[in-house]
Amino acid sequence: GVTPTALAPGSYHHPDRKTPGGQTRLPAPDGTVAVATGIYPGWQGGAEVALNDPREPAPSPEEVGRGPLPDALGRFTAIRQIADGGAVLEYAAAGANIRERMAGAASEAGWSLSRQFDVAPSSRQLWLVLGSTADGVSVSLSTAGGKGAPAVILEKVAPAGAGFREVWVVRVPPHSASIGFAASFTSGSTAPSTATLQPIPDRPPPRRWRQEVTTGITRASSREAYVVDDVALPTENPWRRNVRLSDIQFLEDGTGVGITIDGDVWMIRGLSDASGRVRWTRFASGLHEPLTLAIRDDQIFAFDRNGIWRLRDTNGDGEADVHELFSNAFAQTADLREFPSTIRLAPGGEFVIAKGGQEATTQGKHNGSVLRISADGRRATLLGYGFRQPNIAVNLRTGLVTASDQQGNYIPSTPLHIVRDAQFYGFLGDKRPREMYPAPIAEPLTWVPHAANASAMSQVWLFGARMGPLTDALLYFGFNNPELFRVLLDETGARPQAAVVSISRAFEFPPLHGSVNPADGQLYVAGFQVLGWGTTATRLSGLGRVRYTGAVSTLPRALEPKAEGILLRFDERVDPVRAANPDSYAVASWHYKRTYEYGSPQFKADGTVGIDRLAPSSALVSEDQKSVFVAVPGMTPVMQMRLGWSLATAGGEAFQDTAYFTPYNLPRFDPRKEGFADVVVDLKPRALALDPAAPVSAAEGRRLYQAYGCVACHATEETTLAKLGPSWKGLYGRQRTFAAGVVRTLADDAYLRESILQPSAKIVSGYERGDVSMPSYAGVLSAPQVESLVAYIRSLQ
């Protein structure tokens, strides 16, 4: 009936094709249109028919995605599948409940289409607007009869405006008992059916997808504290369905519920079984490009382009037979980028949803908004607007709503926000006046460099998890470089702020959403190469289990900027000698500029392009050896700050990491209160440079690596934690492949010297990000210092 030009079917064949904006590549009628209606209610109550749209206009008056009708006029309720393989539509109009069933037939003589209705008692006159018909199409009416039943009448009305066809309507008089009738359309010599109308059935159908598909789990072999196990998808299945999971949530018994962009919902059992045998069954199908779902009281709520559906299994056979439209209390345009991004349960049984915000054809009501949906689904309250592509999390204990957004026009880098108070978050669609902001812009908890986290996705709270030090923590997902981050919230000052640090990049697929399995307490993550956004992932789709192995975790548990430096806390004791060496840390800061241009360069404090490198003056270790204070002269609020460290545990295990944060509050550091000895912080500035004439050695190269901040971008240990640049571990002597064409060379001494002095000459594939490109050290490092760095890299085999 329609062309398969929507996102889901089109991306079956071209999964890497980027989703265009606007409303030009949409499904269209496939064939000759025989009956058509306009943009007005199909059922109405009152003395006359009104062929107009009663809803409030969108910011673009021509936009038809204006949201639902007022409940007093009508409300769609559900699609109910029935035993003969058909479906019944259930809705209310002017206070009367109505059930509708359609049936069609075709032959050489022509075709027929019947719309049968059961109408509950109504004290008002009702109108059914059938629409206009093409030439050669006949309309007839048949009734169920019954003693005392009022007669329904088929009429024609003329819409306003020259050139419009007359519209067929059915007048339904007030009635005290339910009545039934059918309106039939026929073509050619086909005669309308004269069979006696039977009541519309409501018995649910038998199971459609009886088969169970079994896959396995491949456990990660890494010895790190947090690893990613691979759960194989049922890509080989009896229905030849693509399985591109976009979200997974859990029932109370640990059954996973997965949803796909192709409109399917799968029940996933056995994820926590020791056997590693995972059993998949189809629960529902037919949703319109859903990206997310939520669970409330073991009921499944799926968010797609039509609204929020409650999927009900009324006969207990393991398949949904009723798609109940729980909520469409918000507007939805046909813009291809107004994605149903996230739905999450909130305290009190409410939900919070996030909707894509890029507008290329019209301005809608709720594009780029985060909305709170009432527990009954009837009301939507604006929490925040002005997002480009938001993805959210909700703290079920406090109700706090967080949202990421994606770098692009007006979004200078990747932000992480708290969403509240109907604030404006900075993005303007293409149809709006350039840089004319409707309200003050709410600044984020923190910015994150686009290269560190491009295409940010949703967040998840690990409440009820059994994830060691990460239990109860806030995590969020990166898409472009598939990655999992920890968010270190800092609420010690006048306003909340946060830092992010990488947990793992051991994903072969791009993650979108996830949740904690109550059966094993581990985090399960689903995702696929959605919408053609760029990703370095090697697989189209996947399901992963982020598992805590019990190994030592060297992730920080807190980061707090202070007036005198940065307080960093760990769950493990650190080597006090290495931690007290200021050369073990690298600090840098920079600003962004918000404009209509795509993204932003990095700017120094003086406004020139680049970053400011800050030299730690000293470092202190707490009395329990689990915290360090990095003294940094000249701390000041800045849009972006980066802290890198290269430390070791008290047991001698070396580790490195980098955190990104936005310091708004800079309270004074109180050593005694924070668990340190009663000392004075040394803030005497230190020069960044080491002795330019020092003898060439790997040890000198290691000191340079720390002093010049290389620690923040290049790993020197085996790790799945992400860095902005390629790892130096095992680099020397390997082949390198570059972004500009298929060019390869050996990582020898000459290549390393060139990379230090002319870093843009050859950019390794996967690191072609100009916004945080490596600076040239020509004129900064002496020739002996360059040779020492080469010697250090050579030693890291």
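Our structure is the block above this text.
Below is a summary of the structure that appears in this document. Just so you know, these numbers come straight off a predicted model, no measurement behind them.

**Brief notes about the overall build of the protein chain**
Along the protein chain, the regular secondary structure elements total five helices and 47 strands. Its C-alpha radius of gyration of 31 Å places the protein chain within 12% of the 28 Å reference for a compact globule of 797 residues. If you line up the protein chain on its principal axes, its C-alpha atoms span 105 × 60 × 55 Å. When burial is assessed residue by residue, the protein chain has 55% of its 797 residues classed as buried.

**Topic: the packing of helix α4 (residues 749-757) against helix α5 (residues 783-795)**
Relative to each other, α4 and α5 sit at 125°, their axes nearing to 10 Å. Here α4 lies oblique to α5, going by the angle between them. Taken as a pair, α4 and α5 cross one another with a handedness that is right-handed. Residue-level contacts link Asp749, Leu752, Arg753, Ile756 and Leu757 of α4 to Val786, Glu787, Leu789, Val790, Ile793 and Arg794 of α5.

**Re the pattern of salt bridges**
In the structure shown here, the tally under the stated rule is 41 salt bridges. Residue glutamate 324 is joined to arginine 310 by a salt bridge in which the shortest nitrogen-to-oxygen separation is 2.7 Å. Of the two residues, glutamate 324 sits in strand β21 (residues 322-327) while arginine 310 sits in strand β20 (residues 307-312), which places them 14 residues apart along the sequence. Judged by relative accessible area, arginine 310 falls into the buried class, the value being 15%. A single network of salt bridges, built from pairs that share partners, joins Glu560, Lys562, Arg569 and Glu674.

**Some remarks on unusual backbone geometry**
Although it is not a glycine, glutamate 289 adopts a positive phi angle of roughly 50°. Notably, serine 455 is not glycine yet its phi reads approximately 55°, a positive angle. As for its position among the elements, serine 455 is in the loop between β30 (446-448) and β31 (456-461). We classify serine 455 as buried; its relative accessible area is 11%.

**Details of a negative patch on the surface**
On the surface, a cluster of negative charge is made up of Glu252, Asp253, Asp297 and Asp298. Among the structural elements, aspartate 253 can be located in the loop between β14 (245-250) and β15 (256-260).

**Some remarks on the sheet that holds strand β38 (residues 556-562)**
Sheet strands associate in pairs through backbone hydrogen bonding, adopting either a parallel or an antiparallel arrangement. The strand order β38-β39-β43-β42 describes an open sheet built from four strands, whose pairing is antiparallel. For this open sheet the edge positions go to β38 and β42 (618-621), each flanked by a neighbour on one side alone. Taken pair by pair, the neighbouring strands of this sheet meet at an average axis angle of 15°, ignoring direction. Taken together, the six bridges between β38 and strand β39 (residues 565-570) define a ladder with antiparallel strand orientation. Paired with lysine 562 across the strands is glycine 565, a residue of β39.

**Notes on the environment of valine 448**
With respect to the helices, strands and loops of the structure, valine 448 is situated in strand β30. For valine 448, a relative accessible area of 0% translates into the label buried. Not counting residues up to four positions away in its chain, the partners in contact with valine 448 are Ser413, Thr414, Asn453, Tyr476, Val500, Tyr592 and Gln640.

**Side note on α5**
The end-to-end C-alpha distance of α5, which contains 13 residues, comes to 19 Å, matching closely the 18 Å that a straight helix rising 1.5 Å per residue would cover. Residues Gln785, Val786, Ser788, Leu789, Val790, Ala791, Tyr792 and Ile793 constitute the buried set of α5.

**Details of the environment of tryptophan 239**
In this structure, tryptophan 239 sits in the loop between β13 (226-231) and β14. C-alpha separation for the pair tryptophan 239 and arginine 420, spaced 181 residues apart in sequence, amounts to 44 Å. With near-sequence residues (within four places) excluded, tryptophan 239 lies in contact with Trp209, Gln211, Val213, Trp266 and Arg282.

**Regarding the pairing of β15**
Of all five residues in β15, five are buried, a share of seventy percent or more. Sheet topology note: the β14/β15 ladder contains five bridges and is antiparallel. Considered in β15, the bridge of isoleucine 248 is made with glycine 258. From the end of β14 to the start of β15, which pair antiparallel, there are five residues, and glycine 254 there has a positive phi angle of about 90°. Here β15 hands over to strand β16 (residues 265-269) after four residues, with glycine 263 in that stretch at a positive phi of 95°.

**Notes on α4**
An α-helix turns once every 3.6 residues. As a result, residues three or four positions apart point the same way. Those residues of α4 not exposed but buried are Asp749, Tyr751, Leu752, Ser755 and Ile756. Buried residues of α4 fall within an arc of 165° about the axis and therefore sit on the same side. Where α4 is buried, its residues contact β46 (735-737), β47 (744-746) and α5.

**Some thoughts on the packing of aromatic side chains**
Each aromatic ring pair is summarised here by two numbers: the centre-to-centre distance and the angle between the ring planes. Applying the stated criterion to the full structure yields 27 aromatic pairs. Arranged with centres 6.4 Å apart and planes meeting at 20°, the rings of phenylalanine 76 and tyrosine 91 form a pair that is stacked. Residue phenylalanine 76 is found in strand β3 (residues 74-81), and its partner tyrosine 91 is found in strand β4 (residues 87-93); the two are separated by 15 residues along the sequence. Given a relative accessible area of 26%, phenylalanine 76 falls into the partly exposed group. Residue tyrosine 91 is classed as buried on the basis of its relative accessible area of 11%.

**Some words on the side chain of glutamine 640**
Within the secondary structure, glutamine 640 is located in strand β44 (residues 640-648). Exposure remark for glutamine 640: the relative accessible area of 0% places this residue in the buried category. Setting aside chain neighbours within four positions, we find glutamine 640 in contact with Trp447, Val448, Pro449, Ala588, Ser589, Trp590, Tyr592, Tyr660 and Phe661.

Cut-offs and rules
Numbering of residues starts from 1 in each chain and follows the order in which that chain's sequence is written. With the structure being a predicted model, the display of local features is reserved for residues of pLDDT at least 70 and the display and counting of side-chain atom pairs for 80 or more, all residues being used for whole-chain, interface and lining totals. Hydrogens and water are ignored here; the side-chain numbers use all heavy atoms of the structure. Here a strand is any run of E in DSSP of at least two residues, a helix any run of H or I of at least four, and the numbering for each starts at the N terminus. Between the two quantities, the radius of gyration covers C-alpha atoms and the globule rule is 2.2 Å times the number of residues to the power 0.38. For every residue, the accessible area (1.4 Å probe, protein chains only) is compared with the maximum for its type, and the residue is labelled buried under 20%, exposed over 50%, or partly exposed between those bounds. Under this scheme, a helix contributes an axis fitted over its contacting stretch, all axes are lines through C-alpha atoms, and angles between N-to-C directions fall in the 0 to 180 degree range. Working definition: roughly parallel below 35 degrees, roughly antiparallel above 145 degrees, roughly perpendicular at 65 to 115 degrees, and oblique for all remaining angles. Crossing handedness follows the turn of the near helix against the far one: under a right angle anticlockwise gives a left-handed crossing, and clockwise gives a right-handed one. The contact criterion used is simple: two residues touch if any of their non-hydrogen atoms lie within 4.5 Å. Salt bridges are counted wherever a side-chain nitrogen of Lys or Arg sits within 4 Å of a carboxyl oxygen of Asp or Glu. Residues enter patches when their relative accessible area tops 30% and they take part in no salt bridge; the joining distance is 9 Å for like charges and 5 Å for the nonpolar side chains Val, Leu, Ile, Met, Phe, Trp and Tyr. Only the protein chains shown count as cover for residues, with accessible areas throughout obtained via the Shrake-Rupley method and a probe of 1.4 Å. Charge counting follows a simple rule: Lys and Arg are positive, Asp and Glu are negative, and His as well as the terminal groups are ignored. We put the charge of a Lys on NZ, of an Arg on CZ, of an Asp on CG and of a Glu on CD. Here, any two strands with at least 2 DSSP bridges between them count as paired. In this analysis, the expected span of each helix is defined as 1.5 Å times one less than the number of residues it contains. Think of the arc as the fan of directions from the helix axis to the C-beta atoms. Here a Phe, Tyr or Trp ring, Trp counted by its six-membered ring, pairs with any other such ring whose centre lies within 6.5 Å, and the pair is stacked when the planes are under 30 degrees apart, edge-to-face when over 60, and tilted otherwise.

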